[in-house]
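The residues making up each chain are set out below.
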Amino acid sequence: MRPAIFLFLAIALDAATQPADLVPARWPSDNPASLAILNESPINCLLIPEVNWSSTFLAAAHAKNLTVLALLQPGTPALPRLKRALELGLDGAVLEGNFPEAEAKAVRSSLTESSRLYVELGLRGRIPLDPTAPSIIGTFQGVWAGINPHEDGAAHAAPSGAPWIDTNAGFLRFVRASTDRAFWLSAAPPRDSVVNLSRYLQMLSDPAMVGARWIISFEPSFFAKLLASEPKAQKDLKRINQVLLFFEQNRKLQSLPAFGQLAVVQDTQNGALLSGSVLDMITVKHTPVRPVPFKSVEFKAFDQAKMAVNVDPQSLDPKQRQVLKDFTRSGGTVLTAPPGWRMPVPRPDQIVTDAEEVKKLDQIWKEVNAMMGRRNLGVRLFNVSSMLSNMLGPADGSRVVVYLVNYSDFSVDSVAAHLLGKYSKITIHWPERAPKALVPYETEDGTGVDIDILESTAILIAEK
Amino acid sequence: MTRRDLIALGALPLFAQQKKLPTAPVSIRKCDTYNEDFYEIFTRMFDDLGGVKKLVANKTVTIKLNLTGSPGLRLQGKALGLTHYSHPKHVLAMTTVLDRAGARRIRFVESAWGTAGPLAEYMLDSGWNVRQLSTAAKQVEFLNTNGLGGFAKKYTRMKVPHGGWIFPAFEFNNVYAETDVMMSMAKLKNHDVCGVTLAMKNMFGCTPASIYGNDSGVDDPNESPTSGRDQICHVGKRQPSKIALPELDPASPRDAFHRMPRISVEVASARPIDISFIDGIETMTGGEGPWIKPKGTFGGTAHVTPGLLVLGTNPVTTDTVGTALMGYDPRAPKGTPPFHKCDNMLLLAEEAGLGTADLKNIEVIGGKIEDLRFRFPMSA
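Residues numbered from 1 in each chain as written. Chains lettered and ligands numbered in written order. Predicted model: local features only at pLDDT ≥ 70, side-chain atom pairs only at ≥ 80, totals over all residues. Heavy atoms only, no water.

### As for the overall build of chain A
For chain A, the helix and strand inventory stands at 11 helices and 21 strands. The burial tally for chain A puts 56% of its 464 residues in the buried class. Expressed as a percentage of contacts within chain A between residues at least 6 apart in sequence, the contacts between residues at least 24 apart total 69%. Looking at chain A as shown, the accessible area adds up to about 19300 Å², and 54% of this sits on carbon and sulfur atoms. On chain A, the mean spot of the 47 positive side-chain charges and the mean spot of the 47 negative ones are 4 Å from each other. (Helix = DSSP H or I, 4+ residues; strand = E, 2+ residues; numbered from the N terminus. Buried < 20%, exposed > 50% of the residue type's maximum accessible area, 1.4 Å probe, protein only. Contact = heavy atoms within 4.5 Å. Areas by Shrake-Rupley, 256 points an atom, 1.4 Å probe, with all protein chains shown as cover. Lys, Arg positive; Asp, Glu negative; His and termini not counted. Charge placed at Lys NZ, Arg CZ, Asp CG, Glu CD.)

Printed below as a string of structure tokens:
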């Protein structure tokens, strides 16, 4: 890794210990020597469990310009623990888990008073998306991203279909459309699974392509190997840092809005914060999608859209229904669930769609699928069965950005991207290589490019 | 003649025993990697058979690829061409060989899994460089024959010349009728139901899912099929859409091990194969695709590198040599691997009069089977 990049990064992160710039990791050690692991890492914020709080460690971490947060989990009353953390000089606290509302409020208030950082990683269904939300929001209920095995050990794949990719991307798209807050995601690997390098890369890339951050959590055995400076572990860490740095360096791109001609009108009460819901289904189809939360149902929200899916029409107020009618009158197509059709209201602790919801979704999924067909709604991607993507760009389409993440343990070769519209300059950016200009060619829908090989992740940037 | 031969022969109808079965030479090559000059290799293999020009000059050549199963399913994450699909480098080289030999038009066909969408997009999804392939010859077309596909106006009924065991005829996309030279580009593989899948079995994919698929219409074809064909073909739970002739005997066994070898031979005789090519450089054992369960007919799948190429003009002689190269007895009766669960498709093809499955009557050029043999699972 080039020293210049680190210098730049160190300066950038040091100068702006803004919450939005914090790159978090769970740190299972109070040994100041363990901080050497971070020597070449973009990680700049450590979440320390109570058992490891120590002034020596804290001093060493601060000397490295690291932000150190107390990690509090439900158990004994939080406020006394918080008091101790603040006395030690920690920079704030993270509440991870389902804390009673009053207790969380008291912790937040205490931290705000002392100008320390407050992060609440609560239930999915209670993620604060309103303007009063803290600067960093999140949940402890992330899913372990990737192609995960069934309980019987078989892969998540039908004989006829592509493997199902477990992802947080769907609900995080909705979060992004709802708020500009930084988002942290806590997710643990499935029990008894082996977390190899690929799985770390997949897990950190999955939320990162949608602008969120996974709270990096090294497996105990891997962390021990890092502490022991085992060469293989150090090599893997170098790769993790490389991909992490890649996302951090390109984070500005995340200020662009979601791009694509398909809008999904959905909100928390009908499953937008669940995994496996409509947004994930569309994501897995590699179709660019723009979630439209209820509060954003205005005509301008459908600016570039040609199609919209109205997941739960009963939940819209008359004004919002009128917006969709106007969209239809202006030439858009709206797929509306049948009359009387309602998505069950998710439980606050619910993470994935349950059997009843899947049954409901199946009713409209076939129609959504048929409506999308082979249409290019922004970009069509080929040979990407083990990948997911996220498309961003200004509404005028002058520039589009496509994040690509590989969820298989192998490199993918010969990926083709067919962008809707004419683009004269298309560049690919990837963690492993220098950016490269791709040779665009004409396609039925606009412009195509071929990507010879994709290892972990990449970003396509196309300009008119 | 061995005792086994005698037993097998005894199972055949009288006419097959009396009739002299067609034979044709088969060219084989040892080839360890896909980084070879396949234009040169294929040209020489065709030369072994008498030359490619006389076979394809001024002809429309239709190439049935093997793109079985969803491109999303990979064995150990490997490229599809290394395990269970036709390899794109072979297809590109073969296209050049045929074009330079004067082929007027080259059409790639496959009934792509679960879709009637454009074959070119399916190939893109399989990681193929379709743009390169489309410029490799004067006229190249990519046609998904799972339905009419927007390029064909009608289906064409093609009869099974010997009358058939299960189906007397098949409805195919009309491109199969517009074909002067039919080529089957197959992979050297086991098949969970048929024991082996080579040039003849590859042709099963010509049957349109619009008519023979699980979601085909009862009366009319479903031009947007999304499923496989097991309900109609493998287990015979229902009849094809009424546009097609129904089964000869709906009371016949509903057992895939009985039906599929027969249906495969029927398809290969209804739409005869003129050129058979089998890629065994890298492939998989234990089944035709990565979806085969560990408890399948061969007890598990694996990626292997036999390093073999096989080319012939008679599908039965070509498949017979291919089966022998896999370490199996091509005349093995039902109960003996690879036909330990199913009927022997090669002997059925003999019964249908398509060609001989007797190695003694097949000229093998380019190498000796015993020298190049690569033992597949359960081979002797």
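### Some remarks on empty space enclosed by the protein
This model, assessed by the stated rule, comprises 2 cavities of 30 Å³ or more. Counted as a void, the largest cavity has a volume near 80 Å³. Lining the largest cavity we find Val23, Pro24, Leu204, Ala208, Ala212, Arg213, Trp214, Ile216, Leu244, Phe247, Glu248 and Arg251 of chain A. Of all the elements, helix α8 (residues 231–249) of chain A adds the most residues to the lining of the largest cavity, at 3 residues. Split by residue class, the lining of the largest cavity holds 9 nonpolar, no polar and 3 charged. Size it by volume and the second largest cavity reaches roughly 30 Å³. Every residue along the wall of the second largest cavity is listed here: Val196, Thr197, Leu198, Lys201, Asp319, Thr323, Met345 and Leu346 of chain B. Of the residues belonging to the lining of the second largest cavity, the class tally is 4 nonpolar, 2 polar and 2 charged. (1 Å grid on protein atoms, 1.4 Å probe; cavity = no way out; pocket = protein on both sides within 12 Å on 5 of 7 lines; lining within 4 Å. Points joined across faces, edges and corners; volume = space filled by probe spheres on them. Nonpolar A, V, L, I, M, F, W, Y, C, P; charged D, E, K, R; others polar.)

### Observations concerning the sheet that holds strand β13 (residues 379–382) of chain A
All names here are of chain A. The strand order β13-β16-β20-β19 describes an open sheet built from 4 strands, whose pairing is antiparallel. With one partner strand each, in any of the chains shown, β13 and β19 (441–442) form the two edges of the open sheet. Here strand β16 (residues 412–420) runs beside strand β20 (residues 446–454); their pairing, made up of 8 bridges, is antiparallel. Looking at β20, one finds that histidine 418 is bridged to glycine 448. (Pairing = 2+ DSSP bridges.)

### What to know about the environment of arginine 126 of chain A
Residues and elements named next belong to chain A. Of note, arginine 126 is situated in the loop between β5 (117–122) and β6 (136–139). Among the residues examined, arginine 126 registers a relative accessible area of 48% and is labelled partly exposed. Considered as a pair, arginine 126 and aspartate 349 are 223 residues apart in the sequence and their alpha carbons are 8.2 Å apart. Excluding anything up to four places from it in sequence, arginine 126 contacts Asn98 and Pro348.

### Considerations on the packing of helix α7 (residues 220–227) of chain A against α8 of chain A
Residue and element names in this part refer to chain A. In the contact formed by α7 and α8, the axes pass within 8 Å of each other and the chain directions differ by 105°. In terms of orientation, α7 lies roughly perpendicular with respect to α8. Seen from α7, the contacting residues are Phe222, Lys225 and Leu226; seen from α8, they are Ala233, Gln234, Asp236, Leu237 and Ile240. (Axes fitted to C-alpha atoms, helices over the stretch in contact; angles between N-to-C directions. Parallel < 35°, antiparallel > 145°, perpendicular 65-115°, else oblique.)

### Section: the packing of aromatic side chains
Counted according to the given criterion, the structure contains 20 aromatic pairs over all chains. Ring geometry for phenylalanine 42 of chain B versus phenylalanine 277 of chain B: centroids 5.1 Å apart, planes at 70°, classification edge-to-face. Note that phenylalanine 42 of chain B is positioned in helix α3 (residues 38–48) and phenylalanine 277 of chain B in strand β10 (residues 275–280), a separation of 235 residues in sequence. Grouping residues by exposure puts phenylalanine 42 of chain B and phenylalanine 277 of chain B together as buried. Summarising the aromatic geometry, the rings of phenylalanine 374 of chain B and phenylalanine 376 of chain B are spaced 5.8 Å apart at their centres and angled 80° between planes, so their arrangement reads as edge-to-face. Overall, the relative accessible area of 24% leaves phenylalanine 374 of chain B in the partly exposed class. Among the residues examined, phenylalanine 376 of chain B registers a relative accessible area of 2% and is labelled buried. Counting every residue linked through ring pairs, the aromatic cluster contains Trp144, Tyr200, Trp214, Phe218 and Phe222 of chain A. Positioned above the aromatic ring of phenylalanine 204 of chain B is the side chain of arginine 229 of chain B, whose terminal nitrogen or guanidinium carbon lies 5.2 Å from the ring centre. (Phe/Tyr/Trp six-rings, centres within 6.5 Å; stacked < 30°, edge-to-face > 60°. Lys NZ or Arg CZ within 6 Å of the ring centre and 35° of its normal.)

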